[in-house]
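Each chain is listed here by its residues.
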Amino acid sequence: MEAHSRGRGCFLGSAKHFTSWLCLAPGNKISGGKLLSSRTRRTSSRAAALLRLAAVTIGRSDTALGAFYRRLSSRIGKQKAVTATARKIAVLFYNAIRHGMAYQDQGAAAYDERHRKRVLSNLQRRAKTLGFALKPIPEAAAVS
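Trainee: How do you make sense of a positive patch on the surface when you look at a structure like this?
Mentor: A grouping of Lys16, Arg87, Lys88, Arg114 and Arg118 is seen on the molecular surface, where their side chains present a positively charged patch. Looking at the positive patch, the elements that each hand over two or more residues are α4 (78-99) and α5 (108-129). With respect to the helices, strands and loops of the structure, arginine 118 is situated in helix α5. A relative accessible area of 41% places arginine 118 in the partly exposed class.

Next up, the structure:
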């Protein structure tokens, strides 16, 4: 069987190809090296609609994906957060089907802690490049 089949049959690309096919990846319009637009295409795909519906539903759950959705929706808005979460679900689905990888949810608390550590390390790195050092506030001063 040919790997680059253009029909509706078996999809043997990558997770990026799969999300692009579902219209869940941004279609970057670039002219002269400048990014003009980065919107996702409109689609009538039932699979994409179901993934978006799953993203909205998972946003109310106490999972790592739910925490991801809530963090993004507060920062960039609900519609973009739905698309980003649907894309993440599609990648997990693709990896489960194509490579047999199992998904083990870590929970919202573990996701929030990982995000906090990542933000803290980025702040420390930026402070160091500017000639500063971050130090935590003592607990007694933080309470009062």
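Trainee: It is not clear to me how helix α3 (residues 64-76) should be interpreted in this structure. Could you clarify?
Mentor: For an α-helix, 3.6 residues make a turn, and residues three or four places apart therefore share a direction. The end-to-end C-alpha distance of α3, which contains 13 residues, comes to 18 Å, matching closely the 18 Å that a straight helix rising 1.5 Å per residue would cover. Close packing links the buried residues of α3 with α2 (46-58), α4 and α5.

Trainee: When you look at the environment of glutamine 104 in this model, what are you seeing that I'm missing?
Mentor: As for its placement among the helices and strands, glutamine 104 is situated in the loop between α4 and α5. By relative accessible area, glutamine 104 is classed as exposed at 61%. The sequence separation of glutamine 104 and alanine 64 amounts to 40 residues, and the corresponding C-alpha distance is 9.9 Å.

Trainee: How do you make sense of unusual backbone geometry when you look at a structure like this?
Mentor: Residues other than glycine predominantly adopt negative phi, and peptide bonds predominantly adopt the trans conformation. The phi dihedral of cysteine 23 is positive, around 65 degrees, even though this residue is not glycine. By secondary structure assignment, the location of cysteine 23 is in the loop between α1 (15-21) and β1 (27-31). Exposure remark for cysteine 23: the relative accessible area of 7% places this residue in the buried category.

Trainee: Would you mind showing me how to read the nonpolar core here?
Mentor: In globular proteins that are soluble, nonpolar side chains generally tend to be buried together. Counting 21 residues, the largest nonpolar core has Leu22, Leu24, Leu51 and Ala90 as the members making the most contacts within it. Among the elements that take part in this core, α4 stands out by supplying 7 residues, more than any other. Look past the residues within four positions of alanine 90 in its chain and what remains in contact with it is Phe18, Thr19, Leu22, Leu24 and Leu51.

Trainee: Explanation requested: the pairing of β1 in the structure shown.
Mentor: Successive side chains on a regular strand alternate, one facing one side of the sheet and the next facing the other. Both β1 and strand β2 (residues 34-39) contribute to a ladder of 5 bridges, which runs antiparallel. Each bridged residue has a counterpart across the sheet, and for asparagine 28 the counterpart in β2 is serine 38. Hairpin connection from β1 to β2: 2 residues lie between these consecutive antiparallel strands, with glycine 32 at a positive phi of about 65 degrees.

About the cut-offs
- Residues numbered from 1 in each chain as written.
- Predicted model: local features only at pLDDT ≥ 70, side-chain atom pairs only at ≥ 80, totals over all residues.
- Heavy atoms only, no water.
- Patch = residues over 30% accessible without salt bridge, like charges linked within 9 Å, V, L, I, M, F, W, Y side chains within 5 Å.
- Areas by Shrake-Rupley, 256 points an atom, 1.4 Å probe, with all protein chains shown as cover.
- Salt bridge = Lys/Arg side-chain N within 4 Å of Asp/Glu carboxyl O.
- Lys, Arg positive; Asp, Glu negative; His and termini not counted.
- Charge placed at Lys NZ, Arg CZ, Asp CG, Glu CD.
- Helix = DSSP H or I, 4+ residues; strand = E, 2+ residues; numbered from the N terminus.
- Buried < 20%, exposed > 50% of the residue type's maximum accessible area, 1.4 Å probe, protein only.
- Expected span 1.5 Å × (residues − 1).
- Contact = heavy atoms within 4.5 Å.
- Core = buried A, V, L, I, M, F, W, Y, C linked by side-chain atoms within 4.5 Å.
- Pairing = 2+ DSSP bridges.

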